[in-house]
Amino acid sequence: MLIKGLLESAEEQLLQLRGVQRGSSAEAAERLLRGLRYTVGQLQEAAREVALGAVAAGVRPEDVAAWAGRFPAALTGPAEGSDGAAR
């Protein structure tokens, strides 16, 4: 999938940066991980929106929850960040 390819590319970039870039590998890893964290957040929000749209269109919440890997109640509550706090 596209996401898996992007993750593999990020990992490869990090390995290539070791000893080549200015700054430490830790700094390079931090930049990559911050970017990935942002992207993951965007993907989670998109998945939530699609799931809520499916429920609004009449798909059973239990089915959508199974496909999305969530509990049915999570499809009707407020959006949650990665720390579990409602947004």
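These numbers come from a predicted model, not from an experiment.

> It is not clear to me how the confidence of the model for the protein should be interpreted in this structure. Could you clarify?
Parts of the prediction with low pLDDT should not have their coordinates interpreted in detail. Residues at a pLDDT of 70 or more form 77% of the protein, whose mean pLDDT is 76. Mean pLDDT across the elements of the protein bottoms out in helix 1 (residues 2-17) (73) and peaks in helix 3 (residues 61-68) (89). Within the model, the stretch residues 80-87 combines pLDDT values under 50 with nine contacts to residues more than four positions away or in other chains.

> I would appreciate a short explanation of the nonpolar core in the present structure.
Nonpolar side chains in soluble globular proteins tend to end up buried together. Ala51, Ala54, Val64, Ala65 and Leu75 together form the largest nonpolar core, which totals five residues. Elements supplying a minimum of two residues to this core: helix 2 (25-56) and helix 3. Setting aside anything within four residues of it in sequence, one finds Val64 in contact with Ala51, Ala54, Val55, Val59 and Leu75.

> What should I look at first to understand the environment of Val59 in this one?
On the secondary structure map, Val59 appears in the loop between helix 2 and helix 3. With residues near it in sequence (within four places) discarded, Val59 still touches Ala54, Val64 and Trp67.

> Can you walk me through a nonpolar patch on the surface in this structure?
Taken together, the side chains of Ile3, Leu7 and Leu43 make up a nonpolar region of the molecular surface, amounting to roughly 240 Å² of accessible area. Position of Leu7 relative to the elements: it lies in helix 1. Under the relative-accessibility criterion, Leu7 is labelled partly exposed at 43%.

> I'm lost on the pattern of salt bridges in this one. Help?
Close approach of charged atoms allows side chains with opposite charge to pair. For the structure shown, the criterion picks out three salt bridges. Note that Arg48 and Glu49 form a salt bridge whose closest N and O atoms lie 3.7 Å from each other. Overall, Arg48 belongs to the buried group, its relative accessible area being 11%. Since its relative accessible area comes to 44%, Glu49 is described here as partly exposed.

> How should I be thinking about helix 2 in this particular structure?
Each full turn of the α-helix corresponds to 3.6 residues, which orients residues three or four apart in the same direction. Look at helix 2: 46 Å from first C-alpha to last across 32 residues, which is about the 46 Å you get at 1.5 Å a residue. Where helix 2 terminates, the next one or two residues include Gly58, which has phi positive at roughly 110°.

About the criteria used
- Numbering of residues starts from 1 in every chain and runs along the sequence as written.
- Whole-chain, interface and lining totals are the exception, using all residues; otherwise, since this is a predicted model, local features are given only for residues with pLDDT of at least 70 and side-chain atom pairs are given and counted only at 80 or more.
- Note: side-chain values were computed over all heavy atoms of the structure, leaving out hydrogens and water.
- Looking at any residue, its pLDDT shows the predictor's confidence there, from 0 to 100.
- Here a helix means four or more residues in a row that DSSP labels H or I, a strand means two or more in a row labelled E, and each is numbered from the N terminus.
- Note on contacts: a residue pair qualifies if any of its non-hydrogen atoms lie within 4.5 Å across the two residues.
- Take the buried residues of types Ala, Val, Leu, Ile, Met, Phe, Trp, Tyr and Cys, join any two whose side-chain atoms come within 4.5 Å, and each joined set is a nonpolar core.
- Note on exposure labels: buried denotes an accessible area under 20% of the residue type's maximum, exposed denotes more than 50%, and partly exposed covers the range between, all computed with a 1.4 Å probe on protein chains only.
- The patches described consist of residues with a relative accessible area above 30% and no salt bridge, like charges being joined within 9 Å and nonpolar side chains (Val, Leu, Ile, Met, Phe, Trp, Tyr) within 5 Å.
- Every accessible area reported is derived by Shrake-Rupley at a probe size of 1.4 Å, with residue values counting cover from the shown protein chains alone.
- A side-chain nitrogen of Lys or Arg and a carboxyl oxygen of Asp or Glu constitute a salt bridge if their distance falls within 4 Å.
- An expected span of 1.5 Å times one less than the residue number is assigned to each helix.

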